[in-house]
Amino acid sequence: MTAPLLIGTSLKMYFGYQQTLDWCRQVTDIARRHPAVTQGHAALFIMPSFPTLAPVLEMVRGTDIRIGAQNLSDQPPGAWTGEVSAAMLAEMGCRCVEIGHAERRRHFHEDETLVAAKTALAMTHGLSPVLCVGEGEEGDPEAAASECIRQMESALAETPHPREADLIVAYEPHWAIGASQPASSEHISAVCMKLQAYLDGHGGGCVIYGGSAGPGLLSRLEGSVQGMFLGRFVHDARAFEQILDEVMTLHAASR
Ligand SMILES: O=C(CO)COP(=O)(O)O
């Protein structure tokens, strides 16, 4: 059987506490009954805000939905006020963690040294990094792929081999995040296929696309990505279900 498509979402800081629980409940209910998930064609991950991690972990118990944090400290437990350690995330049952998102690079000045330290620490705690890479300005896919490969190499520079957790690379062109529409399908496919080829030759991992992604995009990408990293366009959980419907259609077409 081919590997499941990875369908994940970060809720960023959009929702309140109860709203997050309600949304996660809806998506969990969808996952429990949707054939794309129950038949193993889609694997899901959800990254809600820190205070909701514990109740959401409890909520998804008995499913294979991976829960992850949107950030982690690059330091071991200790005197780091306001930070959250990889050790605590792993202890709670988180299985993945977002690292290097464009918003953290831009607004919180996270540089490549920090991204590499966080990536290594996540891995050593068995947390799959959802490592976000992407070019700043819209341009040609060749240049975008080179820049993303450079960012991946830098991010993985501190990570011991073999890796202790699966690597998920989210290709998110900065200019396509928070936009009215995603990058063009041609651009996404060209870049993601290059990044996937790179990972296949460098310890493995899978490449998913994020940046104004929503229903319909996965079908247009014709198998050139391993999944999607979703944002605003699944705030209505029915959109999440539509994407799982697409996974089923793609699976049926590939048989
Ligand atoms: O950054 C993203 C996912 O983390 C994408 O967000 P949007 O889909 O809302 O642009």
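Residues numbered from 1 in each chain as written. Predicted model: local features only at pLDDT ≥ 70, side-chain atom pairs only at ≥ 80, totals over all residues. Heavy atoms only, no water.

Where an unreviewed UniProt entry is consulted, the chain appears under the name Triosephosphate isomerase, with the organism given as Kushneria indalinina DSM 14324. Regarding the chain, the relevant UniProt record gives this comment under Catalytic activity (unreviewed entry): "D-glyceraldehyde 3-phosphate = dihydroxyacetone phosphate". Listed in UniProt under the heading Subunit (unreviewed entry), the comment for the chain reads: "Homodimer." (UniProt positions renumbered as here; feature names shortened; annotations may be inferred.)

Further remarks concern the overall build of the chain. The helix and strand tally for the chain stands at 10 helices and 8 strands. Computed over the C-alpha atoms, the radius of gyration of the chain is 17 Å, within 12% of the 18 Å expected from 2.2 N^0.38 for a compact globule of 255 residues. For the chain, the proportion of its 255 residues judged to be buried stands at 52%. The long-range share in the chain, meaning contacts at least 24 apart out of those at least 6 apart in sequence, stands at 73%. Of the roughly 11400 Å² that the chain leaves accessible, carbon and sulfur atoms contribute 52%. Positive and negative side-chain charges of the chain, numbering 18 and 30 respectively, have mean locations separated by a distance of 6 Å. (Helix = DSSP H or I, 4+ residues; strand = E, 2+ residues; numbered from the N terminus. Rg over C-alpha atoms; globule rule 2.2 N^0.38 Å. Buried < 20%, exposed > 50% of the residue type's maximum accessible area, 1.4 Å probe, protein only. Contact = heavy atoms within 4.5 Å. Areas by Shrake-Rupley, 256 points an atom, 1.4 Å probe, with all protein chains shown as cover. Lys, Arg positive; Asp, Glu negative; His and termini not counted. Charge placed at Lys NZ, Arg CZ, Asp CG, Glu CD.)

This brings us to the side chain of His41. Within the secondary structure, His41 is located in the loop between helix H2 (35-38) and strand E2 (42-47). A polar atom in the side chain of His41 sits 3.3 Å from the side chain of Gln39. Among the polar contacts listed, one links the side chain of His41 to the side chain of His251, at a separation of 3.4 Å. (Polar contact = N/O pair within 3.5 Å; in protein donor to acceptor, adjacent residues only side chain to side chain.)

As a further point, take the site of the ligand. Not every one of the 13 residues close to the ligand is listed here, only the nearest: Lys12, His101, Gly178, Ser212 and Arg232. Within the side chain of Lys12, an N or O atom sits 2.9 Å from an oxygen atom of the ligand. The class makeup of the residues in the shell around the ligand is 4 nonpolar, 6 polar and 3 charged. (Near = heavy atom within 4 Å. Nonpolar A, V, L, I, M, F, W, Y, C, P; charged D, E, K, R; others polar.)

Another point: unusual backbone geometry. Of the consecutive residues His161 and Pro162, the connecting peptide bond is found in the cis state with omega at -10°. A positive phi angle is found at Ser212, which is not glycine, with a value near 60°. Structurally, Ser212 can be placed in the loop between strand E7 (206-210) and helix H9 (217-220). Of the residues examined, Ser212 reaches a relative accessible area of 8% and is grouped as buried. Within the chain, Glu222 stands out as a residue other than glycine whose phi angle is a positive 45°. Position of Glu222 among the secondary structure elements: in the loop between H9 and strand E8 (227-230).

Spatial ordering of the closed barrel is given by E1-E2-E3-E4-E5-E6-E7-E8, a layout of 8 strands whose pairing is parallel. For this sheet, the mean angle separating the axes of adjacent strands, direction not counted, is 25°. Of the pairings in the sheet, the one linking E7 to E8 comprises 2 bridges and is parallel in character. The residue of E8 that forms the bridge with Gly210 is Phe229. Of the strands in this sheet, strand E1 (5-10), E2 and E8 are in contact with helix H10 (residues 237-254), which crosses E1 at around 170°. (Pairing = 2+ DSSP bridges. Axes fitted to C-alpha atoms, helices over the stretch in contact; angles between N-to-C directions.)

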